[in-house]
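For reference, the chains in residue letters:
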Amino acid sequence: MKCRTCRGPAIIDLKAHNANFCAEHFLAFCREQVARAIKKHRMLGPDERVLVAVSGGKDSLAVWDILLELGYQADGFVIGLGIGEYSETSTGYARAFASERGLTLHETSLRDDHGFDVPTAAEVTRRVPCSACGLSKRHLFDKAAIDGGYDAVATGHNLDDEAAVLFGNTLRWNTEYLGRQRPVLPARDGFPRKIKPLVRLGEREMAAYCVIRGIDYIVEECPMAAGNKHLRYKEALNAIEAESPGSKHAFYHEFLSKAADRFADDAAGAIADGTSELGTCTRCGSPSSNEVCAFCLLVERTADAVPVTLGERRGARR
Ligand code: Q46
Ligand code: ZN
Ligand code: ZN
């Protein structure tokens, strides 16, 4: 097995790209894939500042590292979600990554700064934990980016994530989501631009990237992800990919080039409906179609709740 670039011994084979690489040229390949995604989808200008939504997992630390390697001004932001030991460990990896490299990492804690955590919010709202978690992350990342004057928020969503979401949206022909499933969401109405620079790289590549770069990350999945249907979609796509390498890439990227525009009206209609009277949350100042935004309502609803510790959650509905 020889490196495609230098013909030296290769350490990784990428069947989807019909290529093998040595460590040095694999890193160069990853950077090139991110640079191509940024250019093709016009994610960032050369002098723009980007805030990376960091979780402590491989994808978010890798995207931060690659953006810096490509010369972008990238700071990190991590949220303490209060999911027991998982959150403490993952935040620890984010802090270690930043401090070893002298980077700026902004932090907030749901429990310390907002009076609740994800397991308690799930119990109070009687919904899946990812619902309150996703709402909190979107709100806090958006607000941190706007308040900090960043041009965009970058997330570590990779090709496997995006293909799995696309698979779910296609299975149900959820045309509104299909119209919105883009690697870039432009800034609008007080929300920052959102970018996904890893859409050309998969999970296996990101894990290899971190190992080669010496980036320590949390390997365990979030304990609240169990039963998540996206995990099942990923397994299904992995089975197809094993038989037919390159399928995931084609599924997602051909969707972007050939089909996404066909659903633009569905997405535009939904955005217009939801934001036609967009004002400002009277409590936090974020854009909101109601007097009080969904995050501030969650803070209010959870204010008097007895904190739930993991393993104690009962009777929550999916
Ligand atoms: S952290 Fe939060 Fe994820 Fe855990 S509770 Fe769900 S959304 S699975 S990326
Ligand atoms: Zn090489
Ligand atoms: Zn608010």
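Relevant structure appears above.
This report concerns the structure included in the present document. (Residues numbered from 1 in each chain as written. Chains lettered and ligands numbered in written order. Predicted model: local features only at pLDDT ≥ 70, side-chain atom pairs only at ≥ 80, totals over all residues. Heavy atoms only, no water.)

Now for the coordination of the zinc ion (ligand 2). Around the zinc ion (ligand 2), the protein contributes the donor atoms C3 (SG), C6 (SG), C22 (SG) and H25 (ND1), at 2.0 to 2.3 Å from the metal centre. For the zinc ion (ligand 2), the four donor atoms in the first shell make angles of 94 to 117° at the metal, so the coordination geometry reads as tetrahedral. Within one chain, the residues donating to the zinc ion (ligand 2) are spaced in sequence as C-x2-C-x15-C-x2-H. One end of the pair, C6, is in the segment before β1 (12-14); the other, C22, is in the loop between β2 (19-21) and α1 (23-40), with 16 residues separating them in the sequence. The exposure class of C6 is partly exposed, given its relative accessible area of 39%. Relative accessible area serves as the criterion here: at 11%, C22 is assigned to the buried category. (Donors = N, O, S within 2.8 Å, 3.2 Å for Na, K, Ca; no water. Tetrahedral: all angles 85-135°; square planar, octahedral: opposite > 155°, others 65-115°. Helix = DSSP H or I, 4+ residues; strand = E, 2+ residues; numbered from the N terminus. Buried < 20%, exposed > 50% of the residue type's maximum accessible area, 1.4 Å probe, protein only.)

Okay, the environment of A294 next. Within the fold, A294 resides in helix α13 (residues 294-302). Residue A294 is classed as partly exposed on the basis of its relative accessible area, which comes to 45%. In this structure the C-alpha to C-alpha distance between A294 and A132, which are 162 residues apart in sequence, comes to 9.6 Å.

Attention now moves to the side chain of D160. Note on placement: D160 falls in helix α7 (residues 159-171). With relative accessibility at 8%, the residue D160 sits in the buried group. A polar atom in the side chain of D160 sits 2.6 Å from the side chain of K248. (Polar contact = N/O pair within 3.5 Å; in protein donor to acceptor, adjacent residues only side chain to side chain.)

The buried fraction of strand β3 (residues 49-54) amounts to five of the six residues, a majority that puts the element mostly inside the structure. Strand direction decides the pairing type here: β3 and strand β4 (residues 73-80), joined by six bridges, are parallel. When the bridges of β4 are listed, V50 appears paired with A74. With three bridges joining them, β3 and strand β6 (residues 152-154) adopt parallel strand pairing. Each bridged residue has a counterpart across the sheet, and for V52 the counterpart in β6 is A154. (Pairing = 2+ DSSP bridges.)

A word on the layout of surface pockets. The space that makes up the second largest pocket amounts to roughly 410 Å³. The wall of the second largest pocket is formed by 17 residues, among which A16, R204, E205, E241 and K248 lie closest to the centre. Looking at the lining of the second largest pocket, the elements with two or more residues in it are β1, α7, α9 (203-213), α10 (229-243) and α11 (247-259). Per-class residue counts for the lining of the second largest pocket are five nonpolar, four polar and eight charged. (1 Å grid on protein atoms, 1.4 Å probe; cavity = no way out; pocket = protein on both sides within 12 Å on 5 of 7 lines; lining within 4 Å. Points joined across faces, edges and corners; volume = space filled by probe spheres on them. Nonpolar A, V, L, I, M, F, W, Y, C, P; charged D, E, K, R; others polar.)

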